[in-house]
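Observations on the model geometry
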There are 2 protein chains.
Amino acid sequence: MTTTAAQTFPRKRGANGATPRNDADEIGLDALVGHAGYAVRRFQIWIFQDFVKTLGNVDIRPTQYSVLTVIGANPGLSQMAVAKHLGIERARLVHLLDSLEQRRLVKRVRSKTDRRSHALHLTAQGETALAKFKRLAAEHERHVEDRIGKENREQLLRILADFT
Amino acid sequence: MTTTAAQTFPRKRGANGATPRNDADEIGLDALVGHAGYAVRRFQIWIFQDFVKTLGNVDIRPTQYSVLTVIGANPGLSQMAVAKHLGIERARLVHLLDSLEQRRLVKRVRSKTDRRSHALHLTAQGETALAKFKRLAAEHERHVEDRIGKENREQLLRILADFT
DNA sequence: GGAAGATTGTTGTTGACGACAACAATTGCC
DNA sequence: GGCAATTGTTGTCGTCAACAACAATCTTCC
């Protein structure tokens with residue numbers, strides 16, 4: 001391995017099974033090393049799974065969380081606006097909101113100024129729920145720190161800042 | 001073609017729409033900033049799209065590329081082995097290989113030693129095709145460099161090295 | 001003021017993907 | 001020799017991105 005990297009990490013991951021490393025078979029991923037997309041994809045899967053697991057009790061998935069967070073921070077947004085700023089398709093957002101509205105976390109209010117659009121708001125229940133979700137999300141974020149290291153996480157955020 | 005996506009961060013991304021930045025509306029993503037998962041997800045989507053676009057002419061998707069690469073580097077692997085080392089489910093690999101075998105890039109050979117399993121090999125055609133794919137993948141990798149910077153890309157790879 | 005065009009929410013379809021469950025063929029173990 | 005485990009396969013389910021079409025509603029322009 002010419003990779004001067006990875007000395008700060010636990011070598012093997014036993015129990016949690018997130019990383020399927022070579023177990024004494026030593027197969028060469030070779031050409032895949034050096035591909036940013038591959039590393040990012042694997043990491044994204046890991047992070048996603050941990051998020052889902054950590055917020056499992058409250059049954060909130062990453063996309064749902066991002067929607068709630070944006071609405072909470074910007075009440076009255078239209079679906080179009082939320083979709084655009086999260087990079088979600090508006091068609092997809094419809095179902096997401098259907099679900100969140102059924103759970104009484106979000107409500108759609110017809111806009112007075114533009115009767116095509118809906119103004120999105122958290123319900124009172126949604127507000128308190130979101131507060132809880134945020135605590136759990138922070139816990140998840142600590143898992144990330146534990147996994148890749150505090151400084152590495154910060155650098156990651158810095159590097160990817162303008163994708164947010 | 002080569003829309004040569006974004007050489008040095010055009011502040012706004014108009015056409016390709018990968019990065020939905022605020023267009024003079026200035027909505028607060030606020031709470032989402034600081035979430036590694038969110039940044040990674042957005043980045044992953046961007047990188048994925050660029051890969052698909054760059055390898056669009058040859059009709060190869062990231063997962064297919066990773067399968068071909070691993071088989072090319074380790075001829076004779078079983079499906080189980082490939083699946084495990086790529087973190088793909090063996091059920092899913094079946095369809096991937098069906099497609100790649102139809103395109104005469106890969107062939108399944110019944111193993112002599114274990115007649116349950118298939119030894120996977122690239123066809124001659126598959127070898128030359130993969131060489132071309134690798135050149136295109138390298139081009140894609142340059143797009144990543146252009147997008148986030150050379151050092152940042154290297155740091156990213158270093159940070160995520162043990163997920164590969 | 002009204003027709004033409006754009007936008008917003010909605011419904012539906014397609015395809016890639018991860019997660020599971022079940023099954024036949026085969027192998028390994030005792 | 002029999003029984004559990006493994007391998008490839010098929011199928012289902014739910015998430016997600018990408019489109020396309022549509023009705024209701026603005027906006028623009030003549």
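Everything discussed here concerns the structure shown above.
Summarised in this report is the structure supplied together with it.

**A short note on the overall build of chain A**
A tally of regular secondary structure across chain A gives six helices and two strands. Walking chain A from its N terminus toward its C terminus, one meets helices and strands in the order α-α-α-α-β-β-α-α. Sequence-distant contacts in chain A: of pairs separated by 6 or more residues, those separated by 24 or more amount to 52%. Carbon and sulfur atoms make up 50% of the accessible area of chain A, which totals about 8800 Å².

**Notes on the protein's contact with DNA strand C**
Of all residues adjacent to DNA strand C, which total 22 residues, the nearest are A:Gln49, A:Met80, A:Arg116, B:Glu89 and B:Arg92. Expressed as a percentage, the sugar and phosphate content of the atoms of DNA strand C within 4 Å of the protein is 62%. Side-chain polar atom of A:Arg41 to a phosphate oxygen of DNA strand C: 3.1 Å apart, as the coordinates give it. One nitrogen or oxygen atom from the side chain of A:Arg108 is found 2.7 Å from a phosphate oxygen belonging to DNA strand C. For the surface near DNA strand C, the secondary-structure elements that each account for two or more residues are helix 1 (36-54), helix 3 (79-86) and helix 4 (90-102) of chain A together with helix 4 (90-102) of chain B. Residues that form the surface near DNA strand C fall into these classes: five nonpolar, six polar and eleven charged.

**Considering the packing of aromatic side chains**
Applying the stated criterion across every chain, the model contains four aromatic pairs over all chains. The ring of A:Trp46 has A:Arg147 lying over it, and the distance from NZ or CZ to the ring centre is 5.8 Å.

**A short note on the protein's contact with DNA strand D**
The full set close to DNA strand D counts 24 residues, and A:Glu89, A:Arg92, B:Gln49, B:Met80 and B:Arg116 are the nearest of them. Considering the 4 Å shell around the protein, atoms of DNA strand D inside it are sugar or phosphate in 61% of instances. Contacts to DNA strand D include A:Glu89, whose side-chain N or O atom sits 2.3 Å from a base nitrogen. Separating a phosphate oxygen of DNA strand D from a side-chain N or O atom of B:Arg41 is a distance of 3.4 Å. Going through the elements one at a time, helix 4 of chain A together with helix 1 (36-54), helix 3 (79-86) and helix 4 of chain B are the ones with two or more residues in the surface near DNA strand D. In terms of residue class, the surface near DNA strand D is made up of six nonpolar, seven polar and eleven charged.

**A few points about the environment of B:His121**
For B:His121, the position within the fold is in strand 2 (residues 118-122). Expressed as a C-alpha distance, the spacing of B:His121 and B:Arg108, which sit 13 residues apart in the sequence, is 6.7 Å.

**Looking at the pattern of salt bridges**
Applying the stated criterion across every chain, the model contains 16 salt bridges over all chains. In this structure, the salt-bridge partner of A:Asp114 is A:Arg116, at a minimum N-O distance of 2.8 Å. With relative accessibility at 70%, the residue A:Arg116 sits in the exposed group. The partner of B:Arg153 in a salt bridge is B:Glu141, and the shortest N-O contact between them spans 3.2 Å. Pair noted here: B:Arg153 is in helix 6 (residues 150-159) and B:Glu141 is in helix 5 (residues 124-148), with a separation of twelve residues, a long-range link. The exposure class assigned to B:Arg153 is buried, which follows from its relative accessible area of 10%. By relative accessible area, which is 7% here, B:Glu141 ends up buried.

**Looking at helix 5 of chain B**
Residue and element names in this part refer to chain B. Over its 25 residues, helix 5 runs 36 Å from end to end, which matches the ideal 36 Å to within 8%, given 1.5 Å per residue. Within helix 5 the residues assigned to the buried category are Gly126, Ala129, Leu130, Phe133, Leu136, Ala137, His140, Glu141, His143, Val144, Arg147 and Ile148. Phi for Gly149, located one or two positions after helix 5, is positive at around 100 degrees.

**Description of unusual backbone geometry**
If a residue is not glycine, its phi is most likely negative; likewise, a peptide bond is most likely trans. A positive phi angle, near 55 degrees, is found at A:Asp59, a position not held by glycine. By the element assignment, A:Asp59 lies in the loop between helix 1 and helix 2 (62-73). Even without glycine at this site, B:Arg104 takes up a positive phi of about 60 degrees.

Calculation notes
- Residues numbered from 1 in each chain as written.
- Chains lettered and ligands numbered in written order.
- Predicted model: local features only at pLDDT ≥ 70, side-chain atom pairs only at ≥ 80, totals over all residues.
- Heavy atoms only, no water.
- Helix = DSSP H or I, 4+ residues; strand = E, 2+ residues; numbered from the N terminus.
- Contact = heavy atoms within 4.5 Å.
- Areas by Shrake-Rupley, 256 points an atom, 1.4 Å probe, with all protein chains shown as cover.
- Near = heavy atom within 4 Å.
- Polar contact = N/O pair within 3.5 Å; in protein donor to acceptor, adjacent residues only side chain to side chain.
- Nonpolar A, V, L, I, M, F, W, Y, C, P; charged D, E, K, R; others polar.
- Phe/Tyr/Trp six-rings, centres within 6.5 Å; stacked < 30°, edge-to-face > 60°.
- Lys NZ or Arg CZ within 6 Å of the ring centre and 35° of its normal.
- Salt bridge = Lys/Arg side-chain N within 4 Å of Asp/Glu carboxyl O.
- Buried < 20%, exposed > 50% of the residue type's maximum accessible area, 1.4 Å probe, protein only.
- Expected span 1.5 Å × (residues − 1).

As far as function goes, none of this settles anything; it's purely spatial.
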